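The residues making up each chain are set out below.
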Amino acid sequence: MPGQSPNKAPGLTASTLGSVLAALAAGALAAVVGTILHASLGYAGDVPIPWGAALALLLTGALVYWVGLLRGKLWVSALAGLATYVFVALISTDTNNQMIVSTQFFKMLPGPALAGGMWVYGIIVPVIVAILLVSRQLRAATRTRG
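Cut-offs and rules
Position labels on residues start from 1 in each chain and follow its written sequence. Residue-level local features of this predicted model are given only where pLDDT is at least 70; pairs of side-chain atoms are given and counted only at 80 or more, and the full residue set underlies all totals for whole chains, interfaces and linings. Derived side-chain values reflect all non-hydrogen atoms in the structure, with water molecules and hydrogen atoms excluded from consideration. Every helix listed is a DSSP run of H or I at least four residues long, and every strand listed is a run of E at least two residues long, numbered separately from the N terminus. Every radius of gyration here is taken over C-alpha atoms, with the globule rule written as 2.2 Å times N^0.38, N being the number of residues. Burial classes follow relative accessibility: with a 1.4 Å probe on protein chains only, a residue under 20% of its type's maximum area counts as buried, one over 50% as exposed, and anything between as partly exposed. Only heavy atoms matter for contacts: two residues are in contact if any of them lie within 4.5 Å across the pair. Computed with a 1.4 Å probe, the accessible areas rest on the Shrake-Rupley method; for each residue, only the protein chains presented here act as cover. What is meant by a nonpolar core is a set of buried Ala, Val, Leu, Ile, Met, Phe, Trp, Tyr and Cys residues, joined one to another through side-chain atoms within 4.5 Å.

1. Observations regarding the overall build of the protein
Thought 1: The helix and strand inventory of the protein stands at five helices and two strands.
Thought 2: In sequence order, the protein lays out its α and β elements as α-β-β-α-α-α-α.
Thought 3: Scaling as 2.2 N^0.38, a compact globule of 146 residues should have a C-alpha radius of gyration of about 15 Å, whereas the protein reaches 19 Å, well beyond that.
Thought 4: Over its C-alpha atoms, taken along the principal directions, the protein stretches across nearly 65 × 35 × 20 Å.
Thought 5: In the protein, which comprises 146 residues, the share counted as buried stands at 32%.
Thought 6: Contacts in the protein between residues at least 24 apart in sequence constitute 69% of all its contacts with a sequence separation of at least 6.
Thought 7: Accessible area of the protein: about 8900 Å², with a carbon and sulfur share of 69%.

2. Looking at the nonpolar core
Thought 1: If you look at the biggest cluster of nonpolar residues, it comprises 17 residues, and the most contacted ones within it are V64, V67, A80, V88, I100, W119 and I123.
Thought 2: Elements represented by at least two residues in this core include exactly α1 (14–37), α2 (51–71), α3 (74–93), α4 (110–122) and α5 (124–145).
Thought 3: Sequence-distant contacts of V64, that is, excluding residues within four places in its chain, are made with S77, A80, G81, V127, A130, I131 and V134.

This is how it looks when you write it as structure tokens:
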């Protein structure tokens, strides 16, 4: 093949495999730590303040951002975000799950249900923000090199 080194087989390179593993590790870390952290609540009178869910979302965004910059590839951030969501979905659909309270229980457990909803459905927000920030950083780095 033109442009291909004679000693390299086509397909998955060590760099690509490392990037995939880094993205999956960041996603797993965000999912596990975020799932544990999201349940931390405070109350102002009867009003639940899901500060743990907010912190879990911030952690997710930071990890997705960091792994994309670490590997220097935008798709790594996207894969880390997708992995986070998939791992959280697997945790939340487990019938023996005692960690994420579904929003269907909001009337009985408003605080935990609010935190669970913020965590499960809110993951997309920090992931998109992180991907946009990584895209901006990588473009800026390319411009300064070029």
